[in-house]
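Inside the fold
Residues per chain, in single letters:
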Amino acid sequence: MTTNSCFYAVNGEQQQQQQKKKKKMNEGVEDARHPSSDGRCLHSSCNNSLHDVVDEEMRICCLLPSMTDICVALGLADNIVAITHECDIQSVLKNRTKQNNYTTTNKENKNAFGGLYIVTKSGLDPNLTQEQIDAAVKSQSAAAATRHCDPNVVVPSLYPILPGEFQKADPNIVFTQTLCNVCAPTPDQVQSIISTITSPSCSQLTSDDNGSSHEPIQIHSFQPSSLMDVVETFVTVAEICGVAERGKELKHEFMRKLDEIQTICKQQPLGKDMLGKCENAVAKEIGCNKLPRVLLLEWLHPPYDGGHWIRDMIEWVGCKNIQIMTRSTDGDVDPPSEKSKEITWNDIYQSDPDVVLVACCGFDLERNVRDIILNHDKFKPLRASKTNRIVACNGDLHFARPGPSLWHGIIVIAQSVYGRDIFSSEQLTSFVGGTPLQWKRVDIWKQKNEVELAGGCDAVEDIEDTSISFQQLHKEACKKGRLTYTDPETGYQVFTELAHKSRGRCCGSGCRHCPYDHVNVKDKAKKIKQPAFLVEGSQDSSFPLLPLGHALEGDIKVLFFSGGKDSFLALRALIKMYKQKCNNGRRLCIVLLTTFDSESRVIAHQDLSIDVIIRQASHLQLPLIGVPMHRKSSESYVERIMLALEVIARKVGLESVKQISALVFGDLHLEHIRRWRDDEMSKLGVELEYPLWKIPYQSLLEDLQEACVQVIVSATSKSYVHVDEPYNTEVFHRAESNGVDGFGENGEFHTLVKVWKVPRNVTLGL
């Protein structure tokens, strides 16, 4: 491991004084806490061997997430005063012992959380495609190279430090890295900020409300190149912070767990179990005596393989890391590289990996799943795609951070290769506690075209395009005049639409091919298999709304409704629009439309039962049509929506769905989602409306407050946003401070609006 330490304005005498102070503090004093390799801080009652005590005057700035994780695991949460927008804020706060440090949020500064400052921001738009991000990084690198020749060239940082926040945090120790100019600020950036703050000419930045003089600031940068280098970092950081014994204990615990994982992996019969019970043919092809060949991709467009500690992580669990050799421009083979390097898809095809892990740097699980689907044509030639061994991971959490969380990534590799049941529940609990491991297989052969943009669509993410679908069998049976067909999954006989029509009425059982809109089904939420009205609304006609029975007297608009804040705000915007004079007194009939999984009865992404949406619609007294999405049907998403629109047209007496005034969506700003809707949904022949498009977030937050409703988080993929916590401006700023969309527009989290807690007229703005 390469470790660089430089000190700003620290002379030899000052260093000696600091060392004497630390030595004196550590003599005969037992620490109250000891570390854990999963990022938690434990108590001394579990281990009385540690005798470190922390210098209370130590103020740490962690300029990369792994350093924050290490410091928390070392029991130094109380000493962390500054972190990056990508660090785990909640991990720091919940492991602090000094309550007055973090119980309140600094309302005057959205980047301060009770004395914990966010001192960086992203220099890249997270909504960019991988290709656009790669271009920006390469452009910045080229500009940086130019700057070496001409110091006057200004190169905007991709990871800028906020000088004002840095000064308020007032750290005396800074941890950063020299591995990557994109992943974290460099020591040069830190030195530049410190020079600016302490410059006599910068009176605004050097002012000190407490009248104290500037402390010397130590800058420590790290460059681990292997898994063992990462482990040694624990010890080095602990020594710098005067808690050397804690570092040794953290290293010991980390290695103990790694050895246990390796022992379990060595016991796996490779040929039999490597690819799971249902994939024996592939297991036979690979053979019992060959190590599983694993390729981890840190980027897709263009592809980059895994570098540094990734190779060790793969080999630790008994797999062979695929080392793709590249060639220089003259055709010679380049020497092996420790760093991640750009490769080609042809290189990947020739390497023929058994398992491909997609852990793009800085991306969470949901983003990596979406990008795999968007690049499905690149993955399809791979044998791993045909055996369902394309695995999406949380690259940011499990692989990109050279800290205690890496052994979570090692477990992910083991599970993705040998199967989730490689570890017993007791073993998994001992390894990760309650921390969820974020990975999933992505079967690109079973994804519908319309869910290739599942990050924000209303489509069900896991709808399958199976080779034998019941919808295909149903169509064939109807063409042949048959009353039944055999279900390919269960073997049961299923009545066709012809059989139901011969009966002449809805039997009320929620049949798969009911042609009567399930009119006689009593518990529609649990039983319907086709689009049907779950709530018909009331006869109330408060201006500008019209009840369903009088829909032909005004405009009929279908709002795609998920139960969350975006679709709720779109509903309010729609009503507000018609209350204004510009609509010349036109009235409006709003029909809510919700898609949900036909088996689980859950709305995709939101993690909400359809029963919750029914409760919302019933309180709002608005008609709601439910659209069950079948996993074993060849029908497309757009085809299912067309069926729902036909149900609406029949209900209100329209001759054609094209007479529906508009389909309304709560999209905020994602261009690719709107582009998909405009391309695909426009085929229905109905106008599309986006009442919230590009509206400033501040206006949306104010409208949410005006509605007086309680909004909670219903699902999340981020550690700093919690399920069931109220969504408010504090959560918004917390998300923004972590470099993600404050409204969770990229799928980082989802919400539920509890409209039933507020009178209907108030929450709708009537």
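Look a little higher up for the structure.
Residues numbered from 1 in each chain as written. Predicted model: local features only at pLDDT ≥ 70, side-chain atom pairs only at ≥ 80, totals over all residues. Heavy atoms only, no water.

1. Concerning the packing of helix H9 (residues 244–266) against helix H18 (residues 406–418)
Our working rule: Between N-to-C directions, angles cover 0 to 180 degrees, with each direction set by a line fitted to C-alpha atoms, over the stretch in contact for helices. Only DSSP runs of H or I with at least four residues qualify as helices, and only runs of E with at least two residues qualify as strands; both kinds are numbered from the N terminus onward. When describing relative orientation, an angle under 35 degrees is termed roughly parallel and one over 145 degrees roughly antiparallel, while 65 to 115 degrees is termed roughly perpendicular and anything else oblique. Here, two residues are considered to be in contact whenever any of their heavy atoms come within 4.5 Å of each other. Three residue categories are used. Nonpolar comprises Ala, Val, Leu, Ile, Met, Phe, Trp, Tyr, Cys and Pro, charged comprises Asp, Glu, Lys and Arg, and polar comprises the others, including Gly.
Interhelical geometry of H9 versus H18 gives an angle of 5 degrees and a closest axis separation of 11 Å. In this view, H9 runs roughly parallel relative to H18, as classed from their interaxial angle. Counting all contacts with H9, which are made through Phe254, Lys257, Leu258, Ile261 and Cys265, the residues of H18 involved are Trp407, Ile410, Ile411, Ala414 and Tyr418. Per-class residue counts for the contact of H9 with H18 are nine nonpolar, no polar and one charged.

2. So, the pairing of strand S19 (residues 555–560)
To be explicit about the condition: Working definition: with a 1.4 Å probe on protein chains only, accessible area under 20% of the residue-type maximum means buried, over 50% means exposed, and in between means partly exposed. Each pair of strands is called paired provided DSSP finds at least two bridges between the two strands.
With respect to burial, S19 is a largely interior element, six of its six residues being buried. Burial of the side chains of S19 extends over both faces: Asp555, Lys557 and Leu559 are buried on one face and Ile556, Val558 and Phe560 on the other. Inspection of the sheet shows S19 paired to strand S20 (residues 588–597) by six bridges, in the parallel sense. Looking at the pairing, Leu559 lines up with Leu592 of S20. Sheet topology places S19 next to strand S24 (residues 662–664); three bridges connect them, and they run parallel. Bridge assignment links Lys557 to a residue of S24, and that residue is Ala662.

3. Here's the deal with the nonpolar core
Considering soluble globular proteins, one finds that nonpolar side chains tend to be buried as a cluster. Convention followed: The criterion is simple. A nonpolar core is a set of buried Ala, Val, Leu, Ile, Met, Phe, Trp, Tyr and Cys residues joined through side-chain atoms within 4.5 Å.
The biggest cluster of nonpolar side chains holds 71 residues, and the ones touching the most others in it are Leu76, Phe175, Leu227, Val237, Met313 and Phe399. Counting residues per element, this core draws most heavily on H18, which supplies nine residues. Non-local contacts of Leu76, meaning those with residues more than four positions away in its chain, are made with Val54, Met58, Ile60, Cys71, Cys241, Val243 and Arg246. Counting 60 residues, the second-largest nonpolar core is a separate cluster that includes Leu534, Ile613, Ile614 and Val755.

As far as function goes, none of this settles anything; it's purely spatial.
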